[in-house]
Amino acid sequence: MLSWDQTSALAAMRCERAWVEIDLAALAHNVQQMKSLLAPQTQLMTVVKADAYGHGACTVAQTALQAGASWLGVATIPEGIELRQAGINAPILILGATNTPEQIRAIAQWNLQPTLCTPQQALIFSETLSSLNQNLPVHIKLDTGMSRLGTNWQEAADFVQLVYHCPNLEIASIYSHLATADSVDPTIMKEQHRRFEAAKNAIANRLNNTKLDNLGRQFPRLHLANTAAALTSRNLHYDMVRVGLATYGLYPATHLKQVVELKPVMQVKARVTQVKTITAGTGVSYGYQFIADQEMRLAVVGIGYADGIPRNLSNKMKVLIRGQQVPQVGAITMDQIMLDVSVIPDLQVGEVVTVLGKDGNFQIGADDWAETLGTISWEILCSFKHRLPRVAVGEGRRQKAEGRR
Ligand SMILES: *Cc1c(COP(=O)(O)O)cnc(C)c1O
């Protein structure tokens, strides 16, 4: 075991090289912005799967719950357990599939709430929970056109009726997921919405006809919207919206930018580790993908593709130093990158480089990288590895520290 001094020295050392800053004030702001779009009775689920899109699940969850979220969404059971172990009591929906009796016991033990996608799965859940003599709220997933998890929307009434008759299962919600909510063309989203409505009506009729609703049962909650749909229309909000991306300050599409003002939460920073002058004709990094065409000040920075900078950005990205844009040159290596810092001839070892984020008037966002790489900002956010410590900054952190006293 390391002593406390050694542990804190190690923590400080990990932040010497490169780190990720998480702005909790921006996070709280984004949650409040999304909440402001909702009707008073509509709940906000903050989606914190994949370690809160790389931001750190526990810190994000606590901040989001303080800022107005009332539900959390995760992809896996271990992600849910991590939140429970951090003392978080809010309801947690597991968006991914869970099937085995071991998984079901863990879900029950940790007070998590599963997604039910098929009748077979419902029967296994019911059987396992009966043997535990424990009831569990469950969430019915309908496939209205995403072709991912869920029972076909046309079989919704049969599925719901079956689950109502399964001992130890209580239907807490019925939901579906949209495939094209970020598209400028709403045609497919409208069709999915229509199918969700049709499923809702079919379920209501079935409950009525089978007198299931006479048992004092309330119609389950409904939810459909991700970030893009939450930004698009209140018609899509139902009883809850499941918001991931906007929490982290990014827009799913440019045409949705005018709806609310979001602030990026994540910044990626690293330090200059060496500065040198190279002569014209000198090759830089593996494969000499860059050759200096004139004398150049070159800086080496301690961050690379093993930290999550996509290697395909080699020679295509800029970073920020002292509020200026500086080009990255040569192949991105596992742990280090090189920069052409000729515009800052007196640059010193130890100075901070903003790899992603804001410095002065410039801002480099996950969107910018995504565009260069032909991918989406979700993937960029999730790409930063745990070698980079997550450092909380901003108002939210101070409020939280005070709240604890
Ligand atoms: C990831 C996920 C979300 C959140 O999506 P964003 O576009 O990031 O808001 C919502 N619902 C489900 C089922 C998901 O898997």
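Residues numbered from 1 in each chain as written. Predicted model: local features only at pLDDT ≥ 70, side-chain atom pairs only at ≥ 80, totals over all residues. Heavy atoms only, no water.

**Student:** Even after reading the chapter, I still don't get the overall build of the protein chain, so can you show me in this structure?
**Tutor:** Helix and strand content of the protein chain: 13 helices and 20 strands. When the backbone C-alpha atoms are referred to their principal axes, the protein chain occupies close to 85 × 55 × 40 Å. Counting contacts in the protein chain only where the partners sit at least 6 residues apart, residues at least 24 apart contribute 68% of the total. Here the protein chain has roughly 18,600 Å² of accessible surface; of this, 50% comes from carbon and sulfur atoms. Counting 37 positive and 34 negative side-chain charges, the protein chain places the averaged centre of each group 3 Å from the other. (Helix = DSSP H or I, 4+ residues; strand = E, 2+ residues; numbered from the N terminus. Contact = heavy atoms within 4.5 Å. Areas by Shrake-Rupley, 256 points an atom, 1.4 Å probe, with all protein chains shown as cover. Lys, Arg positive; Asp, Glu negative; His and termini not counted. Charge placed at Lys NZ, Arg CZ, Asp CG, Glu CD.)

**Student:** Hey, could you run me through the pairing of strand 1 (residues 18-23) in this one?
**Tutor:** Successive residues of a regular strand alternate their side chains across the two faces of the sheet. Along strand 1, five of the six residues are buried, which leaves the element largely enclosed by surrounding structure. Direction of pairing for strand 1 relative to strand 11 (residues 266-278): antiparallel, over a ladder of five bridges. Pairing of I22 across the sheet is with M266, part of strand 11. (Buried < 20%, exposed > 50% of the residue type's maximum accessible area, 1.4 Å probe, protein only. Pairing = 2+ DSSP bridges.)

**Student:** I keep staring at the pattern of salt bridges and nothing clicks. Help me out?
**Tutor:** Once their charged atoms are close, side chains differing in charge can pair, the charge on each being opposite to the other. Per the stated rule, a full pass over the model turns up eleven salt bridges. R105 serves as the salt-bridge partner of E102, at 3.7 Å between the closest nitrogen and oxygen. Of this pair, E102 and R105 both sit in helix 6 (residues 101-109), separated by three residues, roughly a single helical turn. Given the relative accessible area of 37%, R105 is considered partly exposed. In this structure, R206 engages D158 in a salt bridge whose closest nitrogen and oxygen atoms are separated by 2.9 Å. Taken together, the residues R206 in helix 9 (residues 187-209) and D158 in helix 8 (residues 156-164) connect sequence positions 48 residues apart. A relative accessible area of 45% means that D158 is categorised as partly exposed. (Salt bridge = Lys/Arg side-chain N within 4 Å of Asp/Glu carboxyl O.)

**Student:** Would you mind showing me how to read the site of the ligand here?
**Tutor:** In the neighbourhood of the ligand, 13 residues make up the surrounding shell, with K49, Y53, T227, R242 and L245 lying closest. Residue Y53 places a side-chain N or O atom 2.6 Å away from an oxygen atom belonging to the ligand. R242 is positioned with one of its side-chain polar atoms (N or O) 2.9 Å from a nitrogen atom of the ligand. Within the residue set of the shell around the ligand, elements represented by two or more residues are helix 3 (49-54) and strand 10 (240-243). Its residues placed into classes, the shell around the ligand shows six nonpolar, four polar and three charged. (Near = heavy atom within 4 Å. Polar contact = N/O pair within 3.5 Å; in protein donor to acceptor, adjacent residues only side chain to side chain. Nonpolar A, V, L, I, M, F, W, Y, C, P; charged D, E, K, R; others polar.)

**Student:** What's the story with the side chain of T354 in this structure? I'm lost.
**Tutor:** Mapped onto the elements of the fold, T354 is located in strand 18 (residues 352-359). When residues no more than four places from it in sequence are discounted, the contact partners of T354 are Q267, V268, K269, V319, L320 and D359.

**Student:** I keep staring at the domain arrangement of the protein chain and nothing clicks. Help me out?
**Tutor:** Accessible area lost upon the coming together of the parts serves often as the stated size of an interface. Entries for the protein chain in the domain assignment read domain 1 (24-250) and domain 2 (266-364). Computed from C-alpha coordinates alone, the two centres of domain 1 and domain 2 are separated by 43 Å. (Domains from an automatic or database assignment.)

**Student:** Would you mind showing me how to read unusual backbone geometry here?
**Tutor:** Working note: non-glycine residues mostly have negative phi, and peptide bonds are mostly trans. In this structure, A52 takes a positive phi of about 55° despite not being glycine. One non-glycine residue, N111, lies in the positive phi region at around 60°. Structurally, N111 is set in the loop between helix 6 and strand 5 (115-116). Given the relative accessible area of 46%, N111 is considered partly exposed.

**Student:** Sorry if this is basic, but what is going on with the packing of aromatic side chains here?
**Tutor:** In this description, a pair of aromatic rings is defined by centroid distance and the angle of the planes. Considering all chains together, one arrives at three aromatic pairs under this definition. Between F196 and Y238 the ring centres are 5.1 Å apart and the planes differ by 85°, which places this aromatic pair in the edge-to-face class. Residue F196 is found in helix 9, and its partner Y238 is found in the loop between helix 10 (227-232) and strand 10; the two are separated by 42 residues along the sequence. Neither F196 nor Y238 differs from the other in exposure class; each is buried. Aromatic pair W369 and F384: ring centres 5.9 Å apart, planes at 50°, arrangement tilted. Of this pair, W369 sits in helix 11 (residues 366-373) while F384 sits in the loop between helix 12 (377-382) and strand 20 (390-393); the two residues are 15 residues apart in sequence, bridging distant segments of the chain. (Phe/Tyr/Trp six-rings, centres within 6.5 Å; stacked < 30°, edge-to-face > 60°.)

**Student:** Looking at this structure, how should I read helix 6?
**Tutor:** For the α-helix, the turn length of 3.6 residues means that residues three or four positions removed from each other point alike. Within helix 6 the residues assigned to the buried category are I104, A106, I107 and A108. Among the residues trailing helix 6, N111 stands out with phi positive, at a value near 60°.

**Student:** Explanation requested: the packing of helix 2 (residues 24-36) against helix 4 (residues 57-67) in the structure shown.
**Tutor:** Relative orientation and spacing of two packed helices are given, respectively, by the angle between their axes and the distance between those axes. Interaxial distance between helix 2 and helix 4 falls to 9 Å at its minimum, and their mutual angle equals 45°. As the angle between them shows, helix 2 and helix 4 are arranged oblique. Remark: the crossing between helix 2 and helix 4 carries right-handed chirality. Two secondary-structure elements touch here, helix 2 through L24, L27, A28, V31 and Q32 and helix 4 through T59, V60, T63, A64 and A67. Grouping the constituent residues of the contact of helix 2 with helix 4 by class yields seven nonpolar, three polar and no charged. (Axes fitted to C-alpha atoms, helices over the stretch in contact; angles between N-to-C directions. Parallel < 35°, antiparallel > 145°, perpendicular 65-115°, else oblique. Left-handed = near helix turned anticlockwise from the far one by under 90°.)

**Student:** Would you mind going over the environment of T118 with me for this structure?
**Tutor:** Structurally, the position occupied by T118 is in the loop between strand 5 and helix 7 (119-132). Spatially, the C-alpha atoms of T118 and I140 are 8.6 Å apart, while their sequence positions differ by 22 residues. Every residue in contact with T118, bar those within four places of it in the chain, is listed here: T151 and F159. A polar side-chain atom of T118 sits 3.1 Å from the main-chain amide nitrogen of Q121.

**Student:** Would you take a moment to explain the nonpolar core for this structure?
**Tutor:** Ranked by size, the top nonpolar core spans 122 residues in total, and within it L83, I303, L339, V355 and W369 carry the most contacts. Residues V284, M296, L298 and M338 belong to the second largest nonpolar core, which totals nine residues. (Core = buried A, V, L, I, M, F, W, Y, C linked by side-chain atoms within 4.5 Å.)

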